Amino acid sequence: MNPVPDIYRILPEVILTLSGVAVMLIDASLPAGTPRRSLGWVAAIGTTIALWASLWQLSLPQGAGFYGTVETSAFTIFFHVLICGIVLVALLLSLDTLPEDSHHQGEYYALVVFGAVGMCLLTSAVELLVVFIALEISSIATYILAGYRKQTARGPEAAIKYFLLGSFATAFLLYGIALVFGATGTTQIYEIARLVPLAQNQTMVLAGMAMMLVGILFKVSAAPFHVWTPDVYEGAPSPVVALLSTAPKAAAFAVLLRVAYELFPTLHFIWSPLLWIVAALSMTVGNLAALRQQNVKRMLAYSSIAHAGYLLAAFAGLGSSGIAAASFYIAAYSAMNVGIFAVISVIGGYDEAMPMVEDFRGLLYRSPILGSVLIFFLISLVGIPFTGGFFGKFYSFSAAVDGGAVALAIIGLLNSGLAAAYYLRLAFTTAQRPDGNKAQTAFPEPRMGAAVFAALAMAVATTLILGIVPNEVLRAAEAGAHTLKTPNPQQDFHGIVMERLRTDAVRPPILP
Amino acid sequence: MSTINQSILTLILLVPLAGAVLVVLVPDRAKLPNWIALLTVLVTFGLTLHLPAHFALGQNGFQFEVNRPWIENPAIFYHVGIDGLSLWLVILTGLLAPVGVLASWNAIKERRKIFLALFLVQQTAMFGVFISLDLMLYYGFWELSLVPMAILIAMYGRKDGPKAAQKFFLFTFIPSAPLLVAILWLYARTNTFDFETLKILIANGQFPANALFWAALAFLFAFAVKVPVFPLHGWLSDTYSEAPVALAMVVAGKLGLYSMLRFHIGLFPVQARAAAPYLIALAVIGVLYGACLALVQRDFWKLIAFAAVSHLSLIVLGIYGFTFIGSTGAIFQILSHGVVDAALFFLLGVLYDRYATSQIAAYGGLAAKLPSTATLFVLTTLAMIGLPILSGFVGEFLILSSTFSGVSRGWAVAAALGVILGATYMLWLVQRVFYGPQSELIQSRPADDLHFRELVLLWPLAVLTLVMGVAPSIWLSTIEQGIQRPPLITQSGPGIVTITSIPEGGRR
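The rules behind these values
Residues numbered from 1 in each chain as written. Chains lettered and ligands numbered in written order. Predicted model: local features only at pLDDT ≥ 70, side-chain atom pairs only at ≥ 80, totals over all residues. Helix = DSSP H or I, 4+ residues; strand = E, 2+ residues; numbered from the N terminus. Rg over C-alpha atoms; globule rule 2.2 N^0.38 Å. Buried ≥ 20, exposed ≤ 12 C-beta atoms within 10 Å, placed from the backbone. Contact = placed C-beta atoms within 7 Å. Core = buried A, V, L, I, M, F, W, Y, C linked by C-beta atoms within 7 Å. Nonpolar A, V, L, I, M, F, W, Y, C, P; charged D, E, K, R; others polar. Axes fitted to C-alpha atoms, helices over the stretch in contact; angles between N-to-C directions. Parallel < 35°, antiparallel > 145°, perpendicular 65-115°, else oblique. Left-handed = near helix turned anticlockwise from the far one by under 90°. Expected span 1.5 Å × (residues − 1). Pairing = 2+ DSSP bridges. pLDDT = per-residue confidence, 0-100.

Draft legend 1. Examining the overall build of chain B more closely. Per the secondary structure count, chain B includes 21 helices and two strands. Relative to the 2.2 N^0.38 estimate, which gives 23 Å for 508 residues, the radius of gyration of chain B is 22 Å and therefore close to what a compact globule would have. Scored against the burial criterion, the 508 residues of chain B give a buried share of 58%. When contacts within chain B are restricted to residue pairs at least 6 apart in sequence, long-range pairs at least 24 apart make up 80% of them.

Below you can see the structure in the form of structure tokens.
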């Protein structure tokens, strides 16, 4: 029945796991004191092969393997390529920005790659327990990475905050899964989607869905589940933040798309207003808070919250147009965000000598390349045409308007105007002439190795491609959107569900 | 030849961009980036001159058109083309680019590569605004034109660059959000961003009038800020006093005024006529207000900023008078103002370069020391205040006379008062800077008169103002053709609604 060997369905994950294990083994077998920078290249090469393997999966027929738990489709491949690309940029970045003498370089690269395994698996899982396991794999890796600067007080603080709050969120997700399982008797996503309208106990399904949404919205740092973001971004090393602010979010958004459109398509009328509120709240809270920040990483943390809001606006879109818009936005957001954190890690170095906006004054004069690239990414974050940020917002808001959420699109546009203020404050401070009175010798000469150069070039090129010739990526996003099994919008589930809820109210809930 | 005609506009867009890349790549040694930039803008200017040489007079519609699909979903086309309206604006942009490069030859000392690369990107963006016929493409260039400008203001600001840059950017960026919404709304209804298709659809009444009112207002708002029309001029004086000379001379005026003519009046003729009385009133207020404030400025950048508010308001008056002569005069005045303002900015840049202050009181009796600067400054001033046989006269006369006969005598008289005030503040500026006893600063600081580089640039501009004043018909014939096209004048064609009567609101 299924001629494709199961192993092909998870080929990128297998390759990533093998390269992670290889990094660990080589790390252990190298004598102490040997430079371990080359381990990063092993990880980068493994990630590149995984990226190619995901592209190769395009030749496979769409379908699920391992008893219907993991799937390959245009949708999963889109996110695999995206995540592998982000991880590759983050690895290249770390190669030049991690301190030479660090004893933990081997672990670092292995953790990044293992995290990537979890994120990739997250996007292809079509069974809720596999979703949970994949989420744990990626989360545990990122918890450790967040606390990687052990010397400072901020590093462990970030890791502990991230870990505690993240565990809560995962618990929410797991509890939600349990409730949905209770109501439907299965954890397979397509089965659940089929059974949800038939389930006797709709209250339980709704409670399960709400809890799952809480868990996922925490991972994408949408308001009001965002409080961890600024502290973690501030405390974690910048190369890690480049990864942390993009890849896990991309994976979590993929899950959110699956949960919303595939798992609970019949409850669209309930989750859609919920996500509407979360989107509006995230944009507004993120931007208002970012306006007041003086610390660059905190500012960008709030900006990423706002971007999660813009992205959630796409969920107001109907069926596949909304999914395509969201997928495209994730790609655009990831390209520019990984890029901007890459620049910041190069500028500040591992010790983050320059955390404040004011520290960036005159950067364009001192280092024209880094200054220009930083300004370029800021311009893209503002959403100026001919950059990825513009089309991302464009598609997201058009999807929202198509879906009837005109008010949300207007809130979003007003917010982008607001956001321009703080992005430009940084951009213009960077462009300002250096202050003659202040001795600027403290500014460390940025190290621009070939690896960092390649990472920045990749991010810049992707942002430009998404802004100037987005056709290919958009087509891929649309192909992905069409492979999600979205419901027939004609069917009216509203009545069915409300009827069930009414009968629930008079009858004590029992498991089916 | 037809292949050149096919690709000329694309070349005009791409050459500055290619020059920008080249400037970034060459080493920053011995003015090499400056020479490359100069070469690029001269080549571009040469290319723009191809347009009038092969412009078919009397042929309706857009010429040198290219229309290729760019992005599939939404259907955005790379659709460019020019008509009599945009032809001379493209050339003006091409002409001012060498002026800008030469004006910053010595003034920009640090990070020349970034300056020149961004300056060239700015050129591409401005060309793009003038030639785009796809609303989304147009919007892209419109937004893009903000970026290099804002960054350069932040980089080279004289006192507080970032603040002025932020003010400039937010003032012009935020109104473009409603503009984008309006464009998207039009697209959602019609599935096209094409200017001509939309124009026909709107004229045919495909849209509810109430919604069109808001869409037209969104367009108008974005353009009015960019011009700027009173009371939206808040950003201009800071931008003028902070921006490098090469950019200040292009920041105001033509982009917004052209967009008004093309996209506000062009797409929404009915709504534009309804809005005309308000705009005429605002324009006349702007003429008087700008002139009065210019009278009391102590800083010459600020004086020029308010003078610009006054002059640009006069052009707005010409545009929204909805008379044929007024519109022609307005477009001619955009060109004239572009040339004269550039020369004036250049000369003030020369003064700032030599004496490092923009306080008018610090100057005095300069004519004896810098005679050729004084000569050219006086000449430019006379062109600016509208002395007959110089370029400023033609446009002002056409606008004022058409307003007097076709719109309202009262407004015309009031606007003419503003023109008189304009002569007052400009001549007073000349008197304070160049005549009278020599000030301490002038005596104490040695300075040389105009260099060869500066003369080679200013004399052609001065001659151009003279030619424009003596033989305006060279320009007016093509401009009139741009105006004759719908919807300013009665016309009819298949599928196009004929607009024969001016609504009552249009006359006062």
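Now that the structure is up, let's keep going.
Draft legend 2. Up close: the environment of Leu 335 of chain B. Relative to the elements of secondary structure, Leu 335 of chain B occurs in helix α15 (residues 324-355). With 123 residues separating them along the chain, Leu 335 of chain B and Leu 458 of chain B place their C-alpha atoms 16 Å apart.

Draft legend 3. Spotlight on the nonpolar core. Residue and element names in this part refer to chain A. Ile 83 and Val 112 are the most contacted members of the largest nonpolar core, which totals 402 residues. Here this core gets 20 residues from one element, more than from any other, and that element is helix α15 (residues 319-348). Apart from the residues lying within four places of it in its own chain, the contact partners of Ile 83 are Ala 116, Met 119, Cys 120, Ala 247, Ala 250 and Ala 251.

Draft legend 4. Region of the structure containing the interface of chain B and chain A. Taken together, the contact pairs 27 residues of chain B with 27 residues of chain A. Put simply, the parts of the chain that give the side of chain B that touches chain A at least two residues each are α4 (112-131), α5 (135-144), α6 (146-156) and α7 (161-190) of chain B. At 12 residues, the largest contribution of residues to the side of chain B that touches chain A is made by α7 of chain B. Looking at side-chain class alone, the side of chain B that touches chain A contains 18 nonpolar, four polar and five charged residues.

Draft legend 5. The packing of helix α3 (residues 37-56) of chain A against helix α4 (residues 74-97) of chain A, seen in detail. Residue and element names in this part refer to chain A. One can describe the packing of α3 onto α4 by two numbers: an axis separation of 9 Å at closest approach and a directional angle of 165 degrees. With respect to their mutual orientation, α3 and α4 come out roughly antiparallel. α3 and α4 meet at a crossing whose hand is left-handed. Mapping the contact onto sequence places Arg 37, Gly 40, Ala 43, Ala 44, Thr 47, Thr 48, Ala 50, Leu 51, Ser 54 and Leu 55 in α3 and Ile 77, His 80, Val 81, Cys 84, Gly 85, Val 87, Leu 88, Leu 91, Leu 92, Ser 94 and Leu 95 in α4. Counted by class, the contact of α3 with α4 contains 13 nonpolar, seven polar and one charged residues.

Draft legend 6. Molecular detail of α3 of chain A. Residue and element names in this part refer to chain A. The first and last C-alpha atoms of α3 sit 29 Å apart over 20 residues, in line with the 28 Å expected at 1.5 Å per residue. Those residues of α3 that sit buried are Leu 39, Gly 40, Val 42, Ala 43, Ala 44, Gly 46, Thr 47, Ala 50, Leu 51, Ala 53 and Ser 54. Of the surrounding secondary structure, the elements contacted by the buried residues of α3 are α2 (11-29), α4 and α5 (105-124).

Draft legend 7. Region of interest: the pairing of strand β1 (residues 63-71) of chain B. Residue and element names in this part refer to chain B. Of the pairings in the sheet, the one linking β1 to strand β2 (residues 76-82) comprises six bridges and is antiparallel in character. Residue pairing across strands places Gln 63 opposite Ile 82, the latter belonging to β2. Joining the antiparallel neighbours β1 and β2 is a turn of four residues.

Draft legend 8. Representation of the confidence of the model for chain B. Chain-level statistics for chain B give a pLDDT mean of 85 and a share of 95% at 70 or above. The ipTM for the predicted assembly is 0.85, set against a pTM of 0.89.

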